[in-house]
Amino acid sequence: MIVKISQTASNTKQTFDIESDTFYFHGEAGSFDLHQPITLLNRNTKINGIYHFSKLRNYIPFRWLWGKTSITRIFRLYKNDSMCGSVAFYKKDFMKNYYLIELDDGTAFRCYFRAKDTFNYISIYHGKTQVALVETDLSAKDYKYTHRLYILEDYDRFADILSFFVLYYSNYHFCKRFHMSKGYYYVKVWSFSRYNNKYDPEWRKTNFPDENVSKK
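Conventions adopted
- Residues numbered from 1 in each chain as written.
- Predicted model: local features only at pLDDT ≥ 70, side-chain atom pairs only at ≥ 80, totals over all residues.
- Heavy atoms only, no water.
- 1 Å grid on protein atoms, 1.4 Å probe; cavity = no way out; pocket = protein on both sides within 12 Å on 5 of 7 lines; lining within 4 Å.
- Points joined across faces, edges and corners; volume = space filled by probe spheres on them.
- Helix = DSSP H or I, 4+ residues; strand = E, 2+ residues; numbered from the N terminus.
- Nonpolar A, V, L, I, M, F, W, Y, C, P; charged D, E, K, R; others polar.
- Pairing = 2+ DSSP bridges.
- Buried < 20%, exposed > 50% of the residue type's maximum accessible area, 1.4 Å probe, protein only.
- Salt bridge = Lys/Arg side-chain N within 4 Å of Asp/Glu carboxyl O.
- Phe/Tyr/Trp six-rings, centres within 6.5 Å; stacked < 30°, edge-to-face > 60°.
- Lys NZ or Arg CZ within 6 Å of the ring centre and 35° of its normal.

## Let's talk about the layout of surface pockets
Looking at the largest pocket, its volume works out to about 260 Å³. Together, 17 residues line the largest pocket, and F113, A115, N120, Y169 and H173 are the ones closest to its centre. When residues of the lining of the largest pocket are traced back to their parent elements, those giving at least two are β9 (108-117) and α1 (159-173). No other element matches the 3 residues that β9 contributes to the lining of the largest pocket. Taken together, the residues of the lining of the largest pocket break down into 10 nonpolar, 5 polar and 2 charged.

## With respect to the pairing of strand β4 (residues 38-41)
For strand β3 (residues 24-29) and β4, the ladder comprises 3 bridges, and the chain directions are antiparallel. What sits directly across from G27, in β4, is L40. Summarising the sheet, β4 and strand β5 (residues 46-52) pair through 4 bridges and their orientation is antiparallel. Within β5, the position partnered with I38 by the bridge is G49. Here β4 folds back onto β5, and the loop between the two strands holds 4 residues.

## Some thoughts on the pairing of strand β10 (residues 119-126)
Taking burial as the measure, the 8 residues of β10 include 7 buried ones, the bulk of the element. Taken together, β9 and the strand that follows it, β10, pair antiparallel across an intervening segment of 1 residue. Here β10 runs beside strand β11 (residues 129-137); their pairing, made up of 8 bridges, is antiparallel. By the bridge assignment for β11, S123 is matched with L133.

## Quick look at the pattern of salt bridges
In total, this model carries 4 salt bridges according to the counting rule given. Of the charged contacts in the structure, one is a salt bridge between K79 and D160, with a shortest N-O distance of 2.7 Å. Pair noted here: K79 is in strand β6 (residues 70-79) and D160 is in helix α1, with a separation of 81 residues, a long-range link. The class of D160 is buried, set by a relative accessible area of 10%.

## So, the packing of aromatic side chains
Applying the stated rule across the entire model yields 28 aromatic pairs. Here F165 and Y169 contribute two aromatic rings whose centre-to-centre distance is 6.2 Å and whose plane-to-plane angle is 40°, an arrangement assigned as tilted. Of the two residues, F165 and Y169 are both situated in helix α1; the distance of 4 residues between them amounts to about one turn of the helix. When its relative accessible area of 1% is taken as the criterion, F165 is described as buried. Its relative accessible area of 4% is what places Y169 among the buried residues. By the ring-pair criterion, three or more aromatic residues cluster together here, those being Y51, F53, F75, F89, Y99, F113, Y145, F165, Y168, Y169, Y172 and F174. Its end group placed over the ring of Y155, R157 keeps NZ or CZ at 6.0 Å from the ring centre. Over the face of the ring belonging to Y125 we find K198, whose NZ or CZ atom lies 5.2 Å from the ring centre.

This is how it looks when you write it as structure tokens:
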């Protein structure tokens, strides 16, 4: 499955269109603050993410020097008003960071991010197997970014949760609030991480050979 997630408003609102061949969702991130609820919804499904304050020890600088993992940016997930899991940011060691999606049915996805040239990538793993990939074109108009989520067929049932994760990630990395900018922006970025090997540049080509990444 391929899901296109397009930001439709920036500045004082952060809204998104989420669409695939089988569904459409509307998405919203906080208009004023990173900690406001994040919502993905259509006529049948609503996923709401509510910020949850982490324990104070998780904000101690350089905590990883003592072998401790810091867990922050926690959002509790509610699907049609029933709690279904959480997503959070994990810092384990020097340059070893990832996001973890944990669902109440026991399913867990680790999400490793990498910026390379004009794209940002998130490789999503279930256990040792990569099951999805998010590609974000870093060239954008008015700070409204386009994301493409590629999901292996066996994991299509998680498309709504993984789409929500893209909104969550965008909330922290791409949403620009209270800016007064207009026009196109072109950037090149390279990130450095001890998890860089989690990004396989051949994964999309192997699993979605007919998809043109530059297609908008």
